[in-house]
Amino acid sequence: MNGIRAVLRALHEGEHRLERDLLTAADRHRADHEIHHVATDIARWSREHTERLADAGRHYDLDLSGAHEPAPGLWAGLREKTGEALGRRPEPGLLLLHDLSGLHLTATENSLNWEMLAQAAQATSDHRLLGLATACHPQTLRQMRWTNTMIKTLAPQSLTSM
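Since the model is a prediction, treat every value here as computed from it, not as a measurement. (Residues numbered from 1 in each chain as written. Predicted model: local features only at pLDDT ≥ 70, side-chain atom pairs only at ≥ 80, totals over all residues. Heavy atoms only, no water.)

Draft legend 1. Structural context of the overall build of the chain. Summing up its helical and strand segments, the chain has five helices and zero strands in all. Taken from the N to the C terminus, the helices and strands of the chain come in the order α-α-α-α-α. Counting every position in the chain, which comprises 162 residues, the buried fraction comes to 40%. Taking all contacts inside the chain whose residues are at least 6 apart in sequence as the whole, residues at least 24 apart take part in 82%. When the accessible surface of the chain is summed, it comes to about 9300 Å², and 56% of that surface belongs to carbon and sulfur atoms. (Helix = DSSP H or I, 4+ residues; strand = E, 2+ residues; numbered from the N terminus. Buried < 20%, exposed > 50% of the residue type's maximum accessible area, 1.4 Å probe, protein only. Contact = heavy atoms within 4.5 Å. Areas by Shrake-Rupley, 256 points an atom, 1.4 Å probe, with all protein chains shown as cover.)

Printed below as a string of C-alpha cells:
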C-alpha cells in the first residue's frame, strides 16, 4: 500500500500545483477574458480533487491536509521585475504560451497519476479509490484538452509575429 500512498500524495500535490498555477495564469492574463474565466473555472476542479484526495488519504493513514509544495512566487516575481526593469519583459503571447505549456505538463502528470491510481484500485478491488479516479480523471483530461487547444490556437500567431 506504500505505492498507493505515494500516488495519492503526488496527486494531491499535483492538483494543488495545477490549481495554483491556473489561478496565477488567470490573474496574469486577465485581459484575455477566455483565459481568465476558463482557467478560474477549471481551477475549481483541482481544488475539489485535492479535497477528495485528502479524504481518501485518511483511509490510508495519510494526512494530506497541509501537504503542499512551496510556491515559487518570490523568485519568479523577482526575476520578472528584474526583467521588466532591464527592458526584457516577454511578449504577452509568448508568456501566455509558456504558462499554457506549464499547465499542460502539470495536467498531464496528474492524468498519469490518476491512471496509475485507477489501475492500483482495480488490482486491489478498492472501490473507493476507483470511484475517486473515475470521477476526477475525466476533469483532468478536460484540463489537458483545453490547454492543448489553446496552445494550438495561439502558437502560430505568437511565434510568427516576432
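More follows now that the structure is in view.
Draft legend 2. The packing of helix H1 (residues 2-28) against helix H4 (residues 92-123), seen in detail. Remark: H1 packs on H4, axes separated minimally by 9 Å, with the N-to-C direction vectors making an angle of 155°. Judged by the inter-axis angle, H1 sits roughly antiparallel to H4. Of the two elements, H1 crosses H4, and the hand of that crossing is left-handed. Residue composition of the contact of H1 with H4, by class: 14 nonpolar, four polar and six charged. (Axes fitted to C-alpha atoms, helices over the stretch in contact; angles between N-to-C directions. Parallel < 35°, antiparallel > 145°, perpendicular 65-115°, else oblique. Left-handed = near helix turned anticlockwise from the far one by under 90°. Nonpolar A, V, L, I, M, F, W, Y, C, P; charged D, E, K, R; others polar.)

Draft legend 3. Structural view of the environment of Arg20. Locating Arg20 in the fold gives a position in helix H1. Taking the relative accessible area as the measure of exposure, Arg20 reaches 18% and is therefore buried. Residues Arg20 and Ala43 lie 23 residues apart in sequence; the distance between their C-alpha atoms is 7.6 Å.

Draft legend 4. Local environment of the nonpolar core. Among the nonpolar cores identified, the biggest contains 19 residues, and Leu22, Leu100, Leu103 and Trp146 are the most heavily contacted of them. Counting only elements with at least two residues in this core, the list comes to H1, helix H2 (33-59), H4 and helix H5 (127-160). Those residues in contact with Trp146 that lie beyond four places of it in its chain are Leu22, Glu34, Ile35, Val38, Ala39, Ile42 and Leu100. Counting residues in hydrophobic clusters, the runner-up holds 18 residues, among them Leu53, Leu64, Leu129 and Ala133. (Core = buried A, V, L, I, M, F, W, Y, C linked by side-chain atoms within 4.5 Å.)

Draft legend 5. Local environment of H4. If you check H4, its first and last C-alpha atoms are 46 Å apart, about what 32 residues at 1.5 Å a residue would give, namely 46 Å. The first or second residue beyond H4 is Ser125, which carries a positive phi of 55°. (Expected span 1.5 Å × (residues − 1).)

Draft legend 6. The pattern of salt bridges, seen in detail. For the coordinates displayed, the defined rule picks out seven salt bridges. For the salt bridge of Asp21 with Arg20, the shortest nitrogen-to-oxygen distance reads 3.3 Å. Accessibility expressed as a relative area gives 24% for Asp21, which makes it partly exposed. (Salt bridge = Lys/Arg side-chain N within 4 Å of Asp/Glu carboxyl O.)

Draft legend 7. Just unusual backbone geometry, in detail. Even without a glycine there, the phi angle at Asp61 is positive, about 55°. Inspection of the secondary structure assignment puts Asp61 in the loop between H2 and helix H3 (73-85). The class for Asp61 is exposed, based on a relative accessible area of 68%. Even without being glycine, Ser125 reaches a positive phi, approximately 55°. Within the secondary structure layout, Ser125 lies in the loop between H4 and H5. Judged by its relative accessible area of 52%, Ser125 is exposed.

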